[in-house]
Amino acid sequence: MTARPDADPGGRAARRVGIIGPPGTLRTREPMNHSSLAQASRQTRSILVGVAAGIGVGLAINVSKGALPWLDTVLVQMVFKLVGDVFRNGLSLLVVPLVFFSPTAGVASLKDPAELGRLGWKIIALYMVTTAVTIAMALFLAITLEPGVGVDQATVAYTPPNAPPGLLTTLTGMVTTNPVRSLAEGNMLQVILFCILLGLALVMSGEPGRRVTARVQDWSEVVMRLVTIVMCFAPIGVFALLAREIATLGFDTILKLIKYFLLVLFAQALQLFVAFPIMLRLGGLPPGPWLRKMREVWLYAFSTSSSNATLPVNIRVVEQRLGASPGVTAFALPLGATVNMNGTAIMQGVATVFIAQVYGVELTLVQLLTVVGMATLAAIGTAGVPSAGIVMLALVLTQVGLPIEGIALVLAVDRLLDMARTVVNVSGDAAVTCIVAKMEGELDETVYRSR
Ligand code: ASP
């Protein structure tokens, strides 16, 4: 929502979230009021019903599809696929406009361009450190609990769909030669970098810059309204996505790899319910409100398996319910959806050790450190779309000299794990954003602590 200058002549709302533009261009998204909060919680409840119904119906079809094959061909592969994909596409279509307007408006509304440098480094450093620590934790668990011991080697050959890009290519590829193409292709890193430059240019352009900023901020509000429209379809969308996933899950393969499967889930839970709350505490924030309010985001992440598709909802919750200022969220969350993947890093760490154990390879300390470094980079290079993390696992395996075919083993159980790790990925972005916002005095703690 927009605080019109006439509605808040003193600009208190803007000062509260730390964003105040030049006269006449004041914009901030206000925290939710009572009735929109009630509406949001009604909507979360309906989504929860969608999730429960999706899991229930999916399970029922999974056990009965042998006897009634049409359930699979007509209901799952046609109806659920259609509805689920349309909903996921609907969320994803918001991402490019959001990633274009939000960071540009966010950067342009910072009081001082130097703030961006300080903010940017803090966000990037926190993203990198949390990812590296997460991988170390995952490696420790996998080495101690040995999920790969006693598992048969894969007999299926695995060919990665695309060779993972090298480090240099990834770095040079961040700077676009054509922003319009980057937008059309949805290349998030290129778009974010371009928007930061554009935002800085707006700040430095005086009156013309202020006029454009006001329009960009208006557009950013309009796009957030689009998010609200698409979210109306969430209950039916998550139902279809989940029913299809669960109906097609191979429970027998999960049973064969049960130790690996449970270990990855356990490490994800540890990250979500222990590591992030500790981080928030260290950052001076009580984790309770964060855990409570993030539940809505988790539902979307779990059912779409896509950080990108969850981005619109994450921005909404972190700004309006957790009280971080748009100046921070608009930059930190799109960047996080692209480069910060704690859940993916956990999977890549555990999977590497698992594959090494299956192939009887003892990893040396140097190799383990290589895994930490490479998995951090691989997680950065992983796009926020379903199954992207498993493709990037090839990068880690190659670096430590493990057979890429090992991916075939873990691929069999990766769908459900992808849903769980996406929840952790988006939560990491939200936690770091709240912490940095708090450090910068850009977090409204009354909103954060509210019900
Ligand atoms: N699906 C994950 C995400 O969007 C990426 C992955 O496959 O690890 O965050």
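The paragraphs below set out a description of the structure included in this document.

How each quantity is defined
- Residues numbered from 1 in each chain as written.
- Predicted model: local features only at pLDDT ≥ 70, side-chain atom pairs only at ≥ 80, totals over all residues.
- Heavy atoms only, no water.
- Near = heavy atom within 4 Å.
- Polar contact = N/O pair within 3.5 Å; in protein donor to acceptor, adjacent residues only side chain to side chain.
- Areas by Shrake-Rupley, 256 points an atom, 1.4 Å probe, with all protein chains shown as cover.
- Helix = DSSP H or I, 4+ residues; strand = E, 2+ residues; numbered from the N terminus.
- Nonpolar A, V, L, I, M, F, W, Y, C, P; charged D, E, K, R; others polar.
- Salt bridge = Lys/Arg side-chain N within 4 Å of Asp/Glu carboxyl O.
- Buried < 20%, exposed > 50% of the residue type's maximum accessible area, 1.4 Å probe, protein only.
- Core = buried A, V, L, I, M, F, W, Y, C linked by side-chain atoms within 4.5 Å.
- Contact = heavy atoms within 4.5 Å.
- Phe/Tyr/Trp six-rings, centres within 6.5 Å; stacked < 30°, edge-to-face > 60°.

### Examining the site of the ligand
- Taken together, 17 residues sit near the ligand, with Ser 307, Thr 344, Gly 389, Asp 418 and Arg 421 positioned nearest.
- Asn 425 is positioned with one of its side-chain polar atoms (N or O) 2.8 Å from an oxygen atom of the ligand.
- A total of 270 Å² of accessible area belongs to the ligand in isolation, and the protein chains cover 100% of it.
- At the level of elements, helix H19 (388-399) and helix H21 (414-439) are the ones that each hand at least two residues to the shell around the ligand.
- A breakdown of the residues in the shell around the ligand according to their chemical character gives five nonpolar, 10 polar and two charged.

### Re the pattern of salt bridges
- What the rule picks out here adds up to 12 salt bridges.
- One salt bridge in this structure joins Lys 81 and Asp 85, with 2.9 Å as the shortest N-O distance. Within this pair, Lys 81 and its partner Asp 85 are both found in helix H3 (residues 69-92), separated by four residues, close to a single helical turn.
- By relative accessible area, Lys 81 is classed as partly exposed at 32%.
- For Asp 418, the salt bridge is made with Arg 421, and the minimal N-O distance between the two is 3.5 Å. A residue pair is termed a helical-turn pair when its members lie 3 or 4 positions apart in one helix, as Asp 418 and Arg 421 do in helix H21 at three residues.

### So, the nonpolar core
- Formed by 123 residues in total, the largest nonpolar core has its most connected members in Tyr 260, Trp 290, Leu 311, Phe 354 and Cys 434.
- Broken down by element, this core gets its largest block of residues, 13 residues, from H21.
- Discounting residues that sit within four places of it in the chain, Trp 290 has contacts with Leu 272, Phe 276, Leu 280, Leu 322, Ser 427, Ala 430, Ala 431, Cys 434 and Tyr 448.
- Formed by eight residues, the second largest nonpolar core is a distinct cluster that contains Ile 61, Leu 71, Ala 240 and Ala 243.

### Some details on the packing of aromatic side chains
- All told, the structure shown has seven aromatic pairs when counted by the stated rule.
- Judged by centre distance (5.5 Å) and plane angle (80 degrees), the rings of Phe 80 and Phe 239 are edge-to-face. Here Phe 239 lies in helix H10 (residues 234-247) and Phe 80 lies in helix H3, a separation of 159 residues in the sequence. Across this residue pair, the class does not change: Phe 80 and Phe 239 are buried.
- Considering the side-chain rings of Phe 100 and Phe 101, the 5.0 Å spacing of their centres and the 75 degrees angle between planes classify their relative orientation as edge-to-face. Here Phe 100 and Phe 101 have matching classes, each one buried.
- Joined through ring pairs, the aromatic side chains of Phe 100, Phe 101 and Trp 219 make up one cluster.

### So, the side chain of Arg 88
- For Arg 88, the location among the structural elements is in helix H3.
- A polar contact is formed between the side chain of Arg 88 and the backbone oxygen of Thr 304, at a distance of 2.7 Å.
- Beyond its immediate chain neighbours, meaning those up to four positions away, Arg 88 contacts Leu 241, Thr 304, Ala 309 and Pro 386.

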